[in-house]
Amino acid sequence: MSDPSPPPYAGPERVLSGIQASGALHLGNYLGALRRFVALQNQAGGPPCFLFVADLHAITVWQDPARLKDQTREIAAAYLASGLDPARSTIFPQSAVPAHAELAWIFNCVARLGWLDRMTQFKEKSGKHKERSSVGLYTYPVLQAADILAYKATHVPVGEDQKQHLELTRDIAQKFNNDFGRPGWFPLPEPVIQGPATRVMSLRDGLAKMSKSDASDLSRINLTDDADTIAAKIRKARTDPEPLPETAEGLESRPEARNLVAIYAALADIDRAEVLRRFGGQGFGVFKPALAELAVEQLRPVSEAMRRYLADPAEVDRVLKAGALRARAVAEPIVDEVKAIVGFWRGSGDGG
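All of these numbers come straight from a predicted model, not from anything done at the bench. (Residues numbered from 1 in each chain as written. Predicted model: local features only at pLDDT ≥ 70, side-chain atom pairs only at ≥ 80, totals over all residues. Heavy atoms only, no water.)

S.K.: It is not clear to me how the packing of aromatic side chains should be interpreted in this structure. Could you clarify?
M.R.: How two aromatic rings sit relative to each other is given by the distance of their centres and the angle of their planes. Counting across every chain of the model gives 14 aromatic pairs. Taking 6.4 Å as the distance between ring centres and 75° as the angle between the ring planes, the aromatic pair formed by F107 and F176 counts as edge-to-face. Of this pair, F107 sits in helix α4 (residues 99-108) while F176 sits in helix α9 (residues 163-179); the two residues are 69 residues apart in sequence, bridging distant segments of the chain. Both residues of the pair, F107 and F176, belong to the buried class. Feature note: the residues F107, F176, F180, W185 and F186 constitute an aromatic cluster, connected by ring pairs. The cationic tip of K152 hangs over the ring face of W185; the distance from NZ or CZ to the ring centre is 3.5 Å. (Phe/Tyr/Trp six-rings, centres within 6.5 Å; stacked < 30°, edge-to-face > 60°. Helix = DSSP H or I, 4+ residues; strand = E, 2+ residues; numbered from the N terminus. Buried < 20%, exposed > 50% of the residue type's maximum accessible area, 1.4 Å probe, protein only. Lys NZ or Arg CZ within 6 Å of the ring centre and 35° of its normal.)

Now the structure itself:
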C-alpha cells in the first residue's frame, strides 16, 4: 500500500499580497491588484488581509535611495485611496518586518537551483545579460515564498504572470514540511485569480503588459493622471481599422482591441461578451470616447484620494508603522518556530 497523504494545513486562513515599490502605479495595478484587494477585505466573514509594499523586492534592481521611501508612501497611498481600511487590513512595508528576510535565507537553503532555473520571469527581466543581474533578482521568487509563508498565508491574489512563483512557494512549503518531518505545518497557498482584467496590456502594444517601467508614458494610465490626460491616452491608444466584432472569437487575432475591451469590461464590472453586445459592429471612434468616459468616472475618486494622502505623508507613515507592528506580531512567532525546527541556537532555556 502507498503511504497516506500528509494531513492538510489546519491553521487559520489568511490573505497576503503586495506591490513593488518602484515607479508610479497604473490602471493595470488598480484592476489587477488594488480593486481585488478591496473586494477580499470587504468579503463578509473572509480571512484577514496582509498587504505590504515590496521594498525588498524593489532593490533587486537599482533604486534611487532618495526616491525609494517616497515610492513606498505612494504605494501605501494608493492602497488607502482604493478603499483599503487600515483598521481591517494590515498595510506595511516589507522591510519593516525582519521575518521576511530571515525566512528567505532559510528557504534559500530549502529551494533547489533547478527550480529557480525554470523561473521564466528572471529570464525575461535579465535578458541577454544574465551575468550582470543581481543575485537578489535570481532569488526573488524565494523571497516571495517567504513573504507568503511568514504569515502562513493560505490565499494569494496574483496575476497570471505570478502563478509560476506561487507554484514555487508551494514546492518550498512542501519540501520544508517533508524535510523536517512536519506534515501540514506550512500551508500550500492557493492563487486567487479572478476578474476580466487580471493582466492589463500596454496601450501602445497589446502583446506587452502595462508596466511602470515602460519608457512611454502613453503606454499606461497612471493613477495620478487627471481626466484630460486619461482621455488623451485612450484616444491615442493603438488600435486597428476594423470595427469591434460581435463575439469574443473575433478578438483573438486583435490584441489591442482585445485589451481595450477587457479594460472596459473590468471597469464596468461586466463580461467581455456584454461589451461586444453593446459596441459590436461599431468603430473605435465610438468605443474610445465611451471607454475614456468610463475610465475617468471610475478613476477620479481614487486619483483625488491618492493626491490627498500624498499631501499628508505623516498620516501615511502612521498607517505603515501601525501595520508593521501588527505584521510583526503575526510573522515573528512563526519564524521563531521555524528557527527552532531548523535547529538554530536560541540561547538559554532552549536546551542547547
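S.K.: Could you clarify how one ought to interpret the side chain of N29 in this entry?
M.R.: Its location among the elements puts N29 in helix α1 (residues 27-41). Note on N29: relative accessible area 13%, which makes it buried. A distance of 2.9 Å separates the side chain of N29 from the backbone nitrogen of H26, its partner in a polar contact. When residues no more than four places from it in sequence are discounted, the contact partners of N29 are A24, L34 and K212. (Polar contact = N/O pair within 3.5 Å; in protein donor to acceptor, adjacent residues only side chain to side chain. Contact = heavy atoms within 4.5 Å.)

S.K.: Explain the pattern of salt bridges here, please?
M.R.: Pairing between side chains becomes possible if they bear opposite charge and their charged atoms approach one another. Counting across every chain of the model gives 15 salt bridges. With its nearest N and O atoms 2.9 Å apart, the salt bridge here joins D217 to K233. Here the residue D217 occupies a position in the loop between β5 (190-192) and α10 (227-236), and K233 occupies one in helix α10, the gap between them amounting to 16 residues. Note that R278 and E274 form a salt bridge whose closest N and O atoms lie 3.1 Å from each other. Pair noted here: R278 and E274 are both in helix α12 (residues 272-279), with a separation of four residues, about one helical turn. Using a relative accessible area of 22% as the deciding quantity, one classes E274 as partly exposed. Through salt bridges that share partners, R67, D70, R73, E74 and D317 make up one connected network. (Salt bridge = Lys/Arg side-chain N within 4 Å of Asp/Glu carboxyl O.)

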